[in-house]
Amino acid sequence: MRFTIANIKALEDIGPVFEGPNGLEFRAATKQLGLEQGALSYQSLPPGARFPYGHSHSTQEEVYVFIRGDGRMKLDDEIIEVAEWDAVRVPPGVWRGFEAGPDGLELLVFGAPNLGDDARSDVDGQRGWWAD
């Protein structure tokens, strides 16, 4: 087949797995699209919420594209403001996390290379990594 198509919002919401705030959405599209070289997910946070885990990858580079709302993103020890249609590239080895502003936050996350069936082996994550 020359192409694949998937409605990201129709994919299973695995947000509850993260035991975060009510309204946290996380929809992984990598397998449904048959991506061979990269990864794609949709994430959404309700107003004022912070993603419950920070994480880093040992080999995967990620690009976060904020498609609605605004908020902040923590990259190692630096906190930056993000707004609608900002794109942030995060190289391997950098810890990252994000939080929504008063209108919530929706984003697409693109990663490469595709981590395959053992994706967790590339991730170091910590619940509450971004603590005030």
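Residues numbered from 1 in each chain as written. Predicted model: local features only at pLDDT ≥ 70, side-chain atom pairs only at ≥ 80, totals over all residues. Heavy atoms only, no water.

Trainee: Which residues make up the overall build of the protein, and what are the values?
Mentor: Within the protein one finds one helix and eight strands. Mapped in sequence order, the helices and strands of the protein form the string β-α-β-β-β-β-β-β-β. Taken over the C-alpha trace, the protein has a radius of gyration of 14 Å; the compact-globule value for 132 residues is 14 Å, and the two agree within 12%. Each principal axis of the C-alpha atoms in the protein carries an extent, and together these give about 45 × 30 × 25 Å. Within the protein, buried positions represent 45% of all 132 residues. Total accessible area on the protein is roughly 7500 Å²; 51% of this is exposed by carbon and sulfur atoms. In the protein, 12 side chains carry a positive charge and 22 a negative one; their mean positions are 3 Å apart. (Helix = DSSP H or I, 4+ residues; strand = E, 2+ residues; numbered from the N terminus. Rg over C-alpha atoms; globule rule 2.2 N^0.38 Å. Buried < 20%, exposed > 50% of the residue type's maximum accessible area, 1.4 Å probe, protein only. Areas by Shrake-Rupley, 256 points an atom, 1.4 Å probe, with all protein chains shown as cover. Lys, Arg positive; Asp, Glu negative; His and termini not counted. Charge placed at Lys NZ, Arg CZ, Asp CG, Glu CD.)

Trainee: Which residues make up a negative patch on the surface, and what values go with them?
Mentor: Among the surface-exposed residues, Asp 70, Glu 81, Glu 84 and Asp 103 lie close enough to one another that they form a single negatively charged patch. When you line up the elements, Asp 103 lands in strand 7 (residues 96–112). Taking relative accessible area as the criterion, Asp 103 reaches 52% and is therefore assigned exposed. (Patch = residues over 30% accessible without salt bridge, like charges linked within 9 Å, V, L, I, M, F, W, Y side chains within 5 Å. Salt bridge = Lys/Arg side-chain N within 4 Å of Asp/Glu carboxyl O.)

Trainee: Outline the packing of aromatic side chains, listing residues and values.
Mentor: Scanning the model with the defined rule gives seven aromatic pairs in all. Judged by centre distance (6.3 Å) and plane angle (65 degrees), the rings of Phe 18 and Tyr 53 are edge-to-face. Residue Phe 18 is found in the segment before strand 1 (25–28), and its partner Tyr 53 is found in strand 3 (residues 53–57); the two are separated by 35 residues along the sequence. Between Phe 51 and Phe 98, the ring centres sit 5.5 Å apart and the planes meet at 35 degrees, which makes this aromatic pair tilted. Taken together, the residues span a long stretch of sequence, with Phe 51 in the loop between strand 2 (39–45) and strand 3 and Phe 98 in strand 7 at a distance of 47 residues. In this pair, the class of Phe 51 matches that of Phe 98, namely buried. (Phe/Tyr/Trp six-rings, centres within 6.5 Å; stacked < 30°, edge-to-face > 60°.)

Trainee: I'd like to hear about the nonpolar core, residue by residue, with values.
Mentor: In this structure, Tyr 64, Phe 66, Met 73 and Phe 98 are the most contacted members of the largest nonpolar core, which totals 19 residues. Only strand 4 (61–75), strand 6 (87–90) and strand 7 provide two or more residues apiece to this core. Ranked by size, the runner-up nonpolar core spans seven residues in total, among them Leu 11, Ala 29, Leu 40 and Leu 108. (Core = buried A, V, L, I, M, F, W, Y, C linked by side-chain atoms within 4.5 Å.)

Trainee: Describe the pattern of salt bridges, listing the residues and the values that go with them.
Mentor: Applying the stated criterion across every chain yields a total of eight salt bridges. Between Glu 62 and Arg 96 there is a salt bridge, with the nearest N and O atoms lying 2.5 Å from each other. Here Arg 96 lies in strand 7 and Glu 62 lies in strand 4, a separation of 34 residues in the sequence. Of the two residues, Glu 62 and Arg 96, both sit in the buried class. Linking Glu 99 and Arg 72 is a salt bridge whose minimum nitrogen-to-oxygen distance equals 2.4 Å. Here Glu 99 is found in strand 7, whereas its partner Arg 72 is found in strand 4, with 27 residues between them in sequence.

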